Number of protein chains: 2
Amino acid sequence: MKKLSIVDIANHLNVSKTTVSFILNGRAQEKRIGKELVERVQKFVDEVGYKPNSLAKSLRTGKSNTIGLMVEDISNPFFSAIARLIEDRAYKNGYKIIYCSTDNDTLKTKELINMFRDRHVDGYIIAPPEGIEDDINSLLKQGMPVVLFDRHLPNVSTDCVEIDNLFSTYNATKHLIQQGYKNIAFITFASGQTQMQARLQGYRNALSDSGYKPAVLEIVFNQNEDLILAPIANFLKKNKKLDAVFFGTNHVGTCGLKVINNLGIKVPSDLALVSFDDYDVFKLFSPPVTAIAQPIEAIADNVITVLLNKLNTSSRHISSQSIILKTDFNIRASSKHR
Amino acid sequence: MKKLSIVDIANHLNVSKTTVSFILNGRAQEKRIGKELVERVQKFVDEVGYKPNSLAKSLRTGKSNTIGLMVEDISNPFFSAIARLIEDRAYKNGYKIIYCSTDNDTLKTKELINMFRDRHVDGYIIAPPEGIEDDINSLLKQGMPVVLFDRHLPNVSTDCVEIDNLFSTYNATKHLIQQGYKNIAFITFASGQTQMQARLQGYRNALSDSGYKPAVLEIVFNQNEDLILAPIANFLKKNKKLDAVFFGTNHVGTCGLKVINNLGIKVPSDLALVSFDDYDVFKLFSPPVTAIAQPIEAIADNVITVLLNKLNTSSRHISSQSIILKTDFNIRASSKHR
DNA sequence: AATATTTGCTAAAACGATTTAGTTAAATTA
DNA sequence: TAATTTAACTAAATCGTTTTAGCAAATATT
């Protein structure tokens, strides 16, 4: 029982496949196909459950109805939550998602972009690592719709959805200062990415407003969690005067909590805590951790809306937009005054 | 600057596209193409960076080099971790992943399977919801490689990777009993899925071994977390005699912890805890939560290995295998004797 | 020297759709 | 009545590959 093709349909009904194609693509009226024939074809197609071969269709039309989604790491709750929401909206609009994790690895990302291009994805959603500017510009030059999120690239001008990183950390650091903390450290992953730089800068700005000295630990990312825990432990052991720590991402924050547990540090009496990102781990820690919550639904929503717009309007002259969303600051016991 | 096709290459070198195709597919020797010509073609292809159009290739060969991955919910850490590992292995073997979340919704899953079939995925990896037997059997009848995981389907005989659910909960419940707990509840999602039924049965078996009475709460799953917290809170408030609770999944466990925090229940003195699945939330809770850790790497590894095997060997006569993996039981303070 | 084999390459048919450029017959208009 | 328009449909080209079947020249065999 081989799969039916449009030719089989046409033969069986004694019409040309052209006619069938027109009918199936809703161009019957425009092409003045007779009502009665239209119905006959529709009926038979429904009856046998014929579905056009999407590969052949893509080959001919150049559209694949696929969106390429590149996140840093799909197993990171921030990205998986966004992926989930994007997935829903995409499927509802007839698009499939091919995804991958970049690991912030430029070379890997280059390969993946090639793979996506190869696969003729119609549009790209990318949380870009550094050093990928040229590849993305090349996509743009070919007229490909690209939406960046979570971070942007200095020399790439395309649509981008971000949050107000600098204000978020500035504001949260101010909060720590208002609570009476004076020796506030910032622990983050070593990264030149715009969002990470902005977060660091927000922290620095707040401290310099008050004339306090910054203390920054930048960890080299590693898949092996022990290699993240160790430097944090060292840092905390060395800097005994610290009275508060700001974690730059959910991952750093989670690792930080593990270290704090291991070292038996009391929160917030020994050390106050604030973390970027918010999720169950922070809500359920004792005491619950003050966190900057990214508006995940809004991010996903804006990303997919912008992309679908670009996909639907063929007008290339729409100027690219940069959307900056606000975060929520969830103050919890981990940063209360002492 | 249009994209080059194999015809352009052929024309430019004054050879036939057949020849180019043979060379590019490593069939030069077999087809006795002259060494010198092979080199000339290779060189030019590299020079201009020609990449064959994968759509056309797929159309002709019937292979899409794509694997369809259907999980329950990509934003669940268990599934996203597995997805991540599968993704890595798949990409390394030249396969792309199209994924989707089924939400355990049979109808949605049917549609998604159709979509995948439509897209000509070469193989399927599915954590199947109930009621999808016919659709999967229909895939199998068409000769499609399908690997199930996390759960199986009663009347579907295909490869499947699972864990020993029944023993895991039996063993963990025994542990609670040994610690002196007598009124042990099991809180889970209402589900007829094999893994959930097995987990429940393991719990029941252990209790009946000791002659204790089971107390089971089955919650109807809902996206809205409040509708999960409420029944748990009610259940705990009503059953004051409980001295231990067993959570059937990471999601239930996390919700359970929230309720326990909200109600100010002391762990383990008021209530001992054990949860299925293990992740940061459980490790970082105070006290840390005893948990059954699924061997995520092993699951992913087995799944993808089995699937790649089926994809590479055209032999249809390989009998399907059912792989059962062991779990780790991580005993922590939440279930210590009192 | 005649025949068979090997070497090196290619024309053309497929895969399954969309789309361009017609064709034919009927209806309208001049 | 002849010329034009319209209605209803279709043949064939196209997208970019792979693959089957086969050709011509060179070499080997009898």
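Residues numbered from 1 in each chain as written. Chains lettered and ligands numbered in written order. Predicted model: local features only at pLDDT ≥ 70, side-chain atom pairs only at ≥ 80, totals over all residues.

S.K.: Now, about the packing of helix H5 (residues 77–92) of chain A against helix H13 (residues 296–312) of chain A: what can you tell me, with residues and values included?
M.R.: Residue and element names in this part refer to chain A. Put simply, H5 and H13 touch, their axes get as near as 9 Å, and they point 45° apart. Overall, the two elements H5 and H13 adopt an arrangement that is oblique. For the pair H5 and H13, the crossing hand works out as right-handed. Facing Ala 81, Ile 82, Leu 85, Ile 86, Arg 89 and Ala 90 of H5, the residues of H13 in contact are Ile 296, Glu 297, Ile 299, Ala 300, Val 303 and Ile 304. Grouping the amino acids of the contact of H5 with H13 by side-chain chemistry returns 10 nonpolar, no polar and 2 charged. (Axes fitted to C-alpha atoms, helices over the stretch in contact; angles between N-to-C directions. Helix = DSSP H or I, 4+ residues; strand = E, 2+ residues; numbered from the N terminus. Parallel < 35°, antiparallel > 145°, perpendicular 65-115°, else oblique. Left-handed = near helix turned anticlockwise from the far one by under 90°. Contact = placed C-beta atoms within 7 Å. Nonpolar A, V, L, I, M, F, W, Y, C, P; charged D, E, K, R; others polar.)

S.K.: Before we move on, can you summarise the protein's contact with DNA strand C with the specific residues and values?
M.R.: Not every one of the 27 residues close to DNA strand C is listed here, only the nearest: A:Ser5, A:Ser21, A:Ala56, B:Ser16 and B:Gly34. Of all elements in the fold, only helix H2 (17–24) and helix H4 (54–61) of chain A together with helix H2 (17–24) and helix H4 (54–61) of chain B reach the threshold of two or more residues within the surface near DNA strand C. Of the residues that constitute the surface near DNA strand C, the class distribution is 10 nonpolar, 10 polar and 7 charged. (Near = placed C-beta within 6 Å.)

S.K.: Go over the domain arrangement of chain A, please, and point to the residues and values.
M.R.: Residues and elements named next belong to chain A. One can read the domain layout of chain A as domain 1 (6–52), domain 2 (63–163 + 297–325) and domain 3 (165–294 + 329–335). Once you take the C-alpha centre of each, domain 2 and domain 3 turn out to be 29 Å apart. Taken together, the contact pairs 10 residues of domain 2 with 11 residues of domain 3. Contributions of two or more residues to the side of domain 2 that touches domain 3 are made by H5 and strand S5 (159–163). (Domains from an automatic or database assignment.)

S.K.: Account for the interface of chain B and chain A, naming residues and giving values.
M.R.: Each partner contributes to the interface: chain B provides 35 residues, whereas chain A provides 35 residues. Looking at which element gives the most residues to the side of chain B that touches chain A, the answer is helix H5 (residues 77–92) of chain B, with 7 residues. Classifying every residue of the side of chain B that touches chain A by side-chain character gives 17 nonpolar, 9 polar and 9 charged.

S.K.: Explain the protein's contact with DNA strand D residue by residue, including any values.
M.R.: Close to DNA strand D lie 27 residues, the nearest being A:Ser16, A:Gly34, B:Ile6, B:Asn53 and B:Ala56. Split by residue class, the surface near DNA strand D holds 11 nonpolar, 10 polar and 6 charged.

S.K.: Let's hear about the relation of the copies chain B and chain A: which residues, and what values?
M.R.: Note on the copies: chain B fits chain A at an RMSD of 0.1 Å, the axial shift is 0.0 Å, and the rotation between them is 180°. What the superposition gives is, in effect, a two-fold axis relating one chain to the other. The overlap is high: 100% of the interface residues of chain B also sit at the interface in chain A, so the same surface is used on both sides. (Least-squares fit on C-alpha atoms with pLDDT ≥ 70 in both.)

S.K.: Mind laying out the environment of B:Gly211, listing which residues take part and the relevant values?
M.R.: All names here are of chain B. On the secondary structure map, Gly 211 appears in the loop between helix H9 (194–210) and strand S7 (215–219). The exposed category is assigned to Gly 211, around which 7 C-beta atoms lie within 10 Å. In sequence terms Gly 211 and Lys 182 are 29 residues apart; their C-alpha atoms lie 9.6 Å from each other. (Buried ≥ 20, exposed ≤ 12 C-beta atoms within 10 Å, placed from the backbone.)

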